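Commentary on secondary and tertiary structure
So the chains spell out like this:
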Amino acid sequence: MCKYVSYLLLRGPMRIRSLALALAAFPLLVACSAVAEKIGSSDADHTEDQPTYAQYKWLWADETEEEFKSIARAGSMWSDPEFFALDHPMAQRLQFWVDKMDEALRARNPKALASTPKPRIILRKDSDPNAWVSYIPVSWKVKGALARAGNAPAQPNVPSDAGADGATEAGSTVPRTIPTLMLLSTGKVAAPGSLPPLDRRFDDAALAELVKFANDGFAKCRLSTSDGAVVFGEGCAVDPSLSGDRSDAIAFYATGKWITVTTGLITSMLDEERIVAVLAHELGHYYRSHSIQPSDQLNYFYALGEGNKPEKPGADPRYVEQTLKVREKLRSNDWYVDYTEENKLMAEQRLGFYTTEQEADEISLEILARMGMPPTLGPDSQALLHKIVDDLSSGRGDTGEIKWEKCAALRERGFKDEAGQVVSVPVGNLSDPHHSFCFRVFNMQRELEAHRYQLAAERPRPPGEPWSKLLQRMQNDIDPPPPPPADAGRD
Ligand SMILES: [Zn+2]
């Protein structure tokens, strides 16, 4: 299981090296003329009442509890993860909030959410404060083929994937068949990771939807069908470790239904409403199906300007070249790629960089307001987490440069300096889609000013025990109190 889409994950996903594409060789004009196509469209913007990016059923894995847990176990490096029962009062309380948010959104956007399953909460015993939506690998039994033109042919010396059939002798020119070709959200084709994909049924309509989804969303990667096979066009980057050109199945990461919340998130945040704001952020990832949304729809530089707009700003055409370059860096999936150049550019030119995390933050404010909770809980929640992580790691965990105390003071002043000018808040390391804590607070604050959400409903009142009792009960279940000594009651 991947913590890719977590709330405050401090490390990025493990990434896979890619082939360098010869983009730099194109003259700038060519790149500029293709701005709209290549570096984002309004589809990616956070505009109100667009909770989903696309509405196909297969975007969500809709996995059973057992399927989810088996993938969680497969993805766990050390001991098996421990989950609380679904009917644990704390799990039920968080589910109450998720249900309320889901209801409010569905009531307002019934068509957009018709194919989206209802999200579920699962509570994981883990002291690390975190929450995430999982990427669930899903496979379809349809043949896959790489166009491969412009890419290196399969390396005959690279060990083939386990269980590969149809593999030929080294040096043979016959295309090698491997079990699965996996399409990533970056428009790159790779071998599946270590998690076994869930086999899912599909039909011709779903196949046509997948082709359209990819071709509408990726800047260069094009899909087509031919002789009953899905063909990954030559614009799709190909992971160099792929040992074959053909496959018996294709796979992708669908969005998992079970939203994981760690006990550590609850015991460190303690405040119910701020935890609800974290859930709203996770729902942003969930509804927008970030596990598979083409990353070319996001990941662009935009001008920060004086404030956010009700419609998110598009890619800044002055920085097309830099956007294309940074996307190639991100496609390389290398944690150690250096982003000093981009950080300098952003500070000097007052640019932001739009990511899935930013989209989830912005949607979370809308979701909170629709449910009838003050959307200021978004930045409040982020500020609290900033403090928690600063305290836990002496500030090392945050990729930004501004510490909690200074950020709180800046927020107090509306992020303006003594002269009334908007201050520059560093975005942080671009290899992590989570921007620095202070930038996230800053951005959400500006979102609130731009949207001026009206609280649509009455504030939901959760039934059951008071929050403090639930906390106590959960704490007891994490660390059961020792049994009374055998001689209890004696002098
Ligand atoms: Zn997130």
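Let us look at the structure shown here.

Here's the deal with the packing of helix 4 (residues 89–108) against helix 10 (residues 356–371)
Running from N to C, helix 4 and helix 10 point in directions that differ by 90 degrees, and their axes come no closer than 9 Å. Taken as axis vectors, helix 4 and helix 10 run roughly perpendicular relative to one another. Judged by residue contacts, Trp97, Lys100, Met101, Ala104, Leu105 and Arg108 of helix 4 engage Ile367, Arg370 and Met371 from helix 10. Partitioned by chemical class, the residues of the contact of helix 4 with helix 10 number 6 nonpolar, no polar and 3 charged.

Focus on the state of the cysteines
In total, this model carries 2 disulfides according to the counting rule given. Disulfide pairing places Cys221 opposite Cys236 at an S-S distance of 2.0 Å. Its S-S torsion of about 80 degrees marks the bond between Cys221 and Cys236 as right-handed, since a negative value means left-handed. Of this pair, Cys221 sits in the loop between helix 5 (204–217) and strand 8 (223–226) while Cys236 sits in the loop between strand 9 (229–232) and strand 10 (237–238), placing them 15 residues apart in sequence. Through a disulfide, Cys407 is tied to Cys438; the S-S separation comes to 2.1 Å. For the disulfide bridge between Cys407 and Cys438, the dihedral angle about the S-S bond is near 95 degrees, and by the sign convention the bridge is right-handed. With Cys407 in helix 12 (residues 404–412) and Cys438 in helix 13 (residues 437–451), this pair connects stretches of sequence that are 31 residues apart. Each of the two residues, Cys407 as well as Cys438, counts as buried.

Quick look at empty space enclosed by the protein
Going through the model one piece at a time under the given rule, you end up with 2 cavities of 30 Å³ or more. Of the voids in this model, the second largest cavity is the one considered here, and its volume is about 50 Å³. Thr186, Gly187, Lys220, Gly235 and Arg331 are the residues nearest the centre of the second largest cavity, which is lined by 11 residues in total. Per-class residue counts for the lining of the second largest cavity are 5 nonpolar, 3 polar and 3 charged.

Description of the packing of aromatic side chains
Within the structure shown, the criterion is met by 19 aromatic pairs. Over the ring of Tyr339 we find Lys329; its NZ or CZ atom is 5.2 Å from the centre of that ring.

Some words on the nonpolar core
Within the largest apolar cluster, 85 residues are counted, with the highest numbers of intra-cluster contacts made by Trp58, Trp140, Leu223, Phe232 and Ile266. At 9 residues, the largest contribution of residues to this core is made by helix 7 (residues 272–287). Domain assignment of the residues forming this core places at least three in each of domain 1 (5–28 + 36–136 + 256–451) and domain 2 (137–255). Each residue touching Trp58, except ones within four places of it in the same chain, is listed here: Trp140, Ala206, Glu209, Leu210, Phe213, Phe252, Ala254 and Ile292. Counting residues in hydrophobic clusters, the runner-up holds 29 residues, among them Ala315, Met346, Phe353 and Cys407.

Looking at the pattern of salt bridges
Throughout the structure, instances matching the rule amount to 31 salt bridges. Residue Arg73 is joined to Glu66 by a salt bridge in which the shortest nitrogen-to-oxygen separation is 3.9 Å. Close ionic contact of Glu341 with Lys325 constitutes a salt bridge, the shortest N to O distance being 3.0 Å. One end of the pair, Glu341, is in helix 9 (residues 340–349); the other, Lys325, is in helix 8 (residues 320–331), with 16 residues separating them in the sequence.

Comments concerning the packing of helix 11 (residues 377–393) against helix 13
Between helix 11 and helix 13, the shortest axis-to-axis distance is 9 Å and the interhelical angle comes to 170 degrees. In terms of axis orientation, helix 11 runs roughly antiparallel to helix 13. Within the contact between the two elements, helix 11 uses Gly378, Pro379, Gln382, Ala383, Leu385, His386 and Val389 and helix 13 uses Phe437, Cys438, Arg440, Val441, Met444, Gln445 and Leu448. Among the residues forming the contact of helix 11 with helix 13, the class breakdown is 9 nonpolar, 4 polar and 1 charged.

A few points about the side chain of Arg106
Assignment of secondary structure puts Arg106 in helix 4. A polar contact is formed between the side chain of Arg106 and the backbone oxygen of Thr116, at a distance of 2.8 Å. Aside from chain neighbours lying at most four places away, what touches Arg106 is Leu113, Thr116, Pro117 and Lys118.

Here's the deal with helix 5
Spanning 14 residues, helix 5 covers 20 Å between terminal C-alpha atoms, matching the ideal 20 Å at 1.5 Å per step. Of the positions making up helix 5, those classed as buried are Ala206, Leu207, Leu210, Val211, Phe213, Ala214 and Gly217. Each buried residue of helix 5 sits inside an arc of 160 degrees when the element is viewed along its axis, so together they form one side. Of the surrounding secondary structure, the elements contacted by the buried residues of helix 5 are strand 3 (131–140), strand 8, strand 9 and strand 11 (246–262).

Digging into helix 7
Between the first and last C-alpha of helix 7 there are 22 Å, a value that for 16 residues agrees with the 22 Å anticipated at 1.5 Å per step. A large share of helix 7 lies buried, amounting to 14 of its 16 residues. The distance from a side-chain oxygen at the start of helix 7 to the backbone nitrogen of Glu273 is 3.2 Å, and the residue carrying that oxygen is Asp271. Immediately beyond the C-terminal end of helix 7, within one or two residues, lies Ser289, with a positive phi of roughly 45 degrees.

Observations concerning the pairing of strand 4 (residues 143–146)
Every other side chain in a regular strand lies on the same face of the sheet, so the side chains alternate between the two faces. Bridging between strand 4 and strand 9 involves 4 bridges; their strand directions are parallel. Across the sheet, the residue bridging to Gly144 is Val230, located in strand 9.

Conventions we followed
- Residues numbered from 1 in each chain as written.
- Predicted model: local features only at pLDDT ≥ 70, side-chain atom pairs only at ≥ 80, totals over all residues.
- Heavy atoms only, no water.
- Axes fitted to C-alpha atoms, helices over the stretch in contact; angles between N-to-C directions.
- Helix = DSSP H or I, 4+ residues; strand = E, 2+ residues; numbered from the N terminus.
- Parallel < 35°, antiparallel > 145°, perpendicular 65-115°, else oblique.
- Contact = heavy atoms within 4.5 Å.
- Nonpolar A, V, L, I, M, F, W, Y, C, P; charged D, E, K, R; others polar.
- Disulfide = S-S within 2.5 Å.
- Buried < 20%, exposed > 50% of the residue type's maximum accessible area, 1.4 Å probe, protein only.
- 1 Å grid on protein atoms, 1.4 Å probe; cavity = no way out; pocket = protein on both sides within 12 Å on 5 of 7 lines; lining within 4 Å.
- Points joined across faces, edges and corners; volume = space filled by probe spheres on them.
- Phe/Tyr/Trp six-rings, centres within 6.5 Å; stacked < 30°, edge-to-face > 60°.
- Lys NZ or Arg CZ within 6 Å of the ring centre and 35° of its normal.
- Core = buried A, V, L, I, M, F, W, Y, C linked by side-chain atoms within 4.5 Å.
- Domains from an automatic or database assignment.
- Salt bridge = Lys/Arg side-chain N within 4 Å of Asp/Glu carboxyl O.
- Polar contact = N/O pair within 3.5 Å; in protein donor to acceptor, adjacent residues only side chain to side chain.
- Expected span 1.5 Å × (residues − 1).
- Arc of directions from axis to C-beta.
- Pairing = 2+ DSSP bridges.

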